[in-house]
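Survey of secondary and tertiary structure
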Amino acid sequence: MRWTDIVRELEGDVIYRGTDFDQTEVRNIIVSDLMSDVLTTDALGPLLVTALASEQTLRTADLVDAAGVLVVRGKHLPDTMKRLAQELDLTLVRTRFSQFHTCLRLGRLLEGGGARNA
Amino acid sequence: MKILPLDPEQSPLLIFDLLFKLKVRDVMSTQLVTITPEATLRSAQQRMKERGITGLPVVESDRLLGIVSMHDILTALDLGYINDPIDRHMPRNIVVLDEEMPLSLGITYFDKYRFGRFPVLNREKRLVGILTTRDISAGLLKELFKEVDRLQTGHEDTQAILQRRVQRTSTTRTYDFENAGRAAHEIKKLLVARAVDPAVVRRVAVAAYELEMNQIVHSNGGTLRLTLTPRVAELVAHDQGPGIADVAQAMQEGFTTANDWIKSLGFGAGMGLPNVQRVSDKFEIHSALRVGTTVRSIIFLSNPPKVKK
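Everything in this summary refers to the structure shown in the same document. Bear in mind the structure is a predicted one, so any value in this text is a computation, not a measurement.

What counts as what
- Residues numbered from 1 in each chain as written.
- Chains lettered and ligands numbered in written order.
- Predicted model: local features only at pLDDT ≥ 70, side-chain atom pairs only at ≥ 80, totals over all residues.
- Heavy atoms only, no water.
- Helix = DSSP H or I, 4+ residues; strand = E, 2+ residues; numbered from the N terminus.
- Buried < 20%, exposed > 50% of the residue type's maximum accessible area, 1.4 Å probe, protein only.
- Contact = heavy atoms within 4.5 Å.
- Areas by Shrake-Rupley, 256 points an atom, 1.4 Å probe, with all protein chains shown as cover.
- Pairing = 2+ DSSP bridges.
- Axes fitted to C-alpha atoms, helices over the stretch in contact; angles between N-to-C directions.
- Expected span 1.5 Å × (residues − 1).
- Buried area = accessible area lost by both parts, 1.4 Å probe.
- Salt bridge = Lys/Arg side-chain N within 4 Å of Asp/Glu carboxyl O.
- Polar contact = N/O pair within 3.5 Å; in protein donor to acceptor, adjacent residues only side chain to side chain.
- Nonpolar A, V, L, I, M, F, W, Y, C, P; charged D, E, K, R; others polar.
- Patch = residues over 30% accessible without salt bridge, like charges linked within 9 Å, V, L, I, M, F, W, Y side chains within 5 Å.
- Core = buried A, V, L, I, M, F, W, Y, C linked by side-chain atoms within 4.5 Å.
- Phe/Tyr/Trp six-rings, centres within 6.5 Å; stacked < 30°, edge-to-face > 60°.
- Lys NZ or Arg CZ within 6 Å of the ring centre and 35° of its normal.

Before going further, it helps to examine the overall build of chain A. What chain A contains, in helices and strands, is five helices and five strands. Taken from the N to the C terminus, the helices and strands of chain A come in the order α-β-β-α-β-α-β-α-β-α. Per-residue burial for chain A yields a buried fraction of 49% across its 118 residues. Intrachain contacts of chain A at a sequence separation of at least 6 include 52% that bridge at least 24 residues. Carbon together with sulfur atoms contributes 46% to the accessible area of chain A, which is approximately 5300 Å² in total.

Rendered as structure tokens:
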């Protein structure tokens, strides 16, 4: 799936649009609020879905070569986080949906988008 | 108008660079075979035969008077004056080159005058060399080899830089979350620049990040040192205390002494040290209470052995 699909499906708010925004094909997703857990995964170019809105979220995402970060529950994002997203050129999107509903919608997208209107 | 008898579309740019850079002096023959004007055309013919050349400058005390070519000899034989002195028959309106001329200009003379050779004079109008197409080819080849040599040496320099041992040290301060991850980010960039396998880069970056985070969360400040050789990345995290009471316990997944505030930042879940060990090919930890902790992680950059999951 593409960022455009994710943003549409989750009514996302694009805080920072990475330079590879249009080209990135997301195939792996990590959902965690615990950054140490994120660091244990071997998934390639994962999308990081988290309720943790801190600079460490972005640092961690950068170190695992994440496709970007999707912050759930409409959390307030500190300005320092926005600046770091820019500095690291990491796409940062926020959605008002809960982690559970975000995962549901992402799951539908991953399965091919056929159930998008369900 | 064609300036050079070479097509820029078809010839390497390097040749053109050389043609403009080189002067006639750089490629001309300086081992001169000459003859005096009183000598006979027959002796000129003999000298040409002996030395295997097709043209002979006629010289009187370094002054060029003319040139005898194979064509002149054939004409002399044909018309029967081969035993005459040279100066009675040699052409005097000769075309010469200046030694300071760029080779690109010199080459055009061969096209323009259809001669096989041109005498070369210096500023004082003394004969200093002779230029044939063969000299040009040989001179260009020699310069090309030099250029190739230079390029190869340049390439070796780049290789040498990549082979060099690199060391980076960063310092961490207690609870300095603002800078947490910066060292790991720089280390990652360094490895990416050296074209290390991305999977290996990730392991080094994860180890660096966890070690950095550990110092920020638990220590009184410390250093993280990366040593990079062509084969190995070594990370040494050294802090100034307070030390770990029970290292075996600290190595267990899930064991943590972190407070809620640290946990709210996404860390302190007791995963740090086990995580470092997981991505390392060699892992050592030494700790003494009130003294400090040193963690050493070694990761092979090429042909990494299988990592335990």
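Before going further, it helps to spend a moment on the sheet that holds strand S9 (residues 282-288) of chain B. Residues and elements named next belong to chain B. Taken in spatial order, the five strands make up an open sheet running S6-S7-S8-S10-S9, and their pairing is antiparallel. Looking along the sheet, the strands with just one partner apiece sit at the ends: strand S6 (166-172) and S9. Adjacent strand axes in the sheet meet at a mean angle of 10°, parallel and antiparallel pairs treated alike. As defined by bridge partners, S9 adjoins strand S10 (residues 292-300) across seven bridges and the pair is classed as antiparallel.

To continue, consider helix H5 (residues 99-110) of chain A. Residues and elements named next belong to chain A. Across its twelve residues, H5 extends 16 Å between first and last C-alpha, which sits within 8% of the 16 Å expected from 1.5 Å per residue. Contacts made by the buried residues of H5 are with helix H1 (3-9), strand S2 (29-31), strand S3 (47-50) and strand S4 (68-71). One or two steps after H5, the chain reaches Gly112, where phi turns positive at roughly 120°.

Residues and elements named next belong to chain B. Of all seven residues that make up strand S2 (residues 63-69), five are buried, and the element is covered over most of its length. Pairing of strand S1 (residues 55-60) with S2 involves six bridges; the strand directions are antiparallel. Bridging across to S2, Gly55 finds its partner in Ser69. The hairpin formed by S1 and S2 contains two residues between the paired strands, and Ser61 there has a positive phi angle of roughly 40°.

A few words on the interface of chain A and chain B. The interface is formed by 23 residues belonging to chain A together with 24 residues belonging to chain B. Buried area between chain A and chain B, both sides added, is near 2000 Å², and the carbon and sulfur share of it is 49%. Counting across the interface, chain A meets chain B through four salt bridges. A salt bridge links B:Lys188 to A:Asp65; the nearest nitrogen and oxygen atoms lie 2.6 Å apart. Across the contact surface, chain A and chain B share 13 residue pairs in polar contact (both at pLDDT 80 or more). Listing elements by their share of the side of chain A that touches chain B, those giving two or more residues are helix H2 (35-40), helix H3 (55-63) and helix H4 (79-88) of chain A. Take the side of chain A that touches chain B: its biggest share by element is six residues, from H3(A). Considering only residue class, the side of chain A that touches chain B consists of nine nonpolar, six polar and eight charged.

On to the pattern of salt bridges, then. Counted under the stated rule, the structure contains 20 salt bridges over all chains. Close ionic contact of A:Asp42 with B:Arg278 constitutes a salt bridge, the shortest N to O distance being 3.9 Å. Highlighted residues: A:Asp42 in the loop between H2 and S3 and B:Arg278 in helix H11 (residues 272-279), drawn from two different chains. When its relative accessible area of 15% is taken as the criterion, B:Arg278 is described as buried. When salt bridges that share partners are traced, they join B:Arg225, B:Glu234, B:Glu284 and B:Arg296 into one network.

Together, B:Met70, B:Leu74 and B:Leu77 make up a nonpolar patch on the protein surface, roughly 290 Å² of accessible area in all. Position of B:Leu74 among the secondary structure elements: in helix H4 (residues 70-79).

To continue, consider the sheet that holds strand S5 (residues 127-132) of chain B. Residues and elements named next belong to chain B. The three strands lie next to each other as S3-S4-S5, forming an open sheet whose pairing is mixed. Because the sheet does not close on itself, it has two edges, and the strands there are strand S3 (97-98) and S5. Bridge analysis of strand S4 (residues 117-121) against S5 gives five bridges, and the strand direction is antiparallel. Within S5, the residue paired with Phe118 across the bridge is Leu131. Its contacts with the sheet put helix H5 (residues 103-113) on S3, S4 and S5, and the angle it makes with S4 is roughly 140°.

We now examine the nonpolar core. If you look at the biggest cluster of nonpolar residues, it comprises 62 residues, and the most contacted ones within it are A:Leu58, A:Leu92 and B:Leu235. No other element matches helix H8 (residues 198-218) of chain B, which puts twelve residues into this core. With near-sequence residues (within four places) excluded, A:Leu92 lies in contact with A:Asp13, A:Val14, A:Ile15, A:Tyr16, A:Leu58, A:Val69, A:Val71, A:Leu77, A:Met81 and A:Ala85. By size, the runner-up hydrophobic cluster in this structure holds 19 residues, among which are B:Ile15, B:Leu22, B:Val27 and B:Ile107.

Turning next to the packing of aromatic side chains. Here a ring pair, both rings aromatic, is described through the centre-centre distance and the interplanar angle of the planes. In this structure the tally under the stated criterion is seven aromatic pairs over all chains. Measuring from ring centre to ring centre gives 5.9 Å for A:Trp3 and A:Phe21, while their planes differ by 10°; the resulting arrangement is stacked. Taken together, the positions of A:Trp3 in helix H1 and A:Phe21 in the loop between strand S1 (13-16) and S2 put the pair 18 residues apart, joining distant regions of the chain. An identical accessibility class is assigned to A:Trp3 and A:Phe21; each is buried. Between B:Tyr113 and B:Phe118, the aromatic rings sit 6.3 Å apart at their centres with planes inclined by 65°, giving edge-to-face as the arrangement. A residue is classified by how much of its surface remains accessible, and B:Tyr113, at 31% relative accessible area, is partly exposed. Here B:Phe118 falls in the buried class, since its relative accessible area comes to 0%. What links up through ring pairs into an aromatic cluster is the set B:Tyr109, B:Phe110, B:Tyr113, B:Phe115 and B:Phe118. For A:Arg96, the ring lying beneath its charged end belongs to A:Phe97, and the centroid distance is 4.5 Å.

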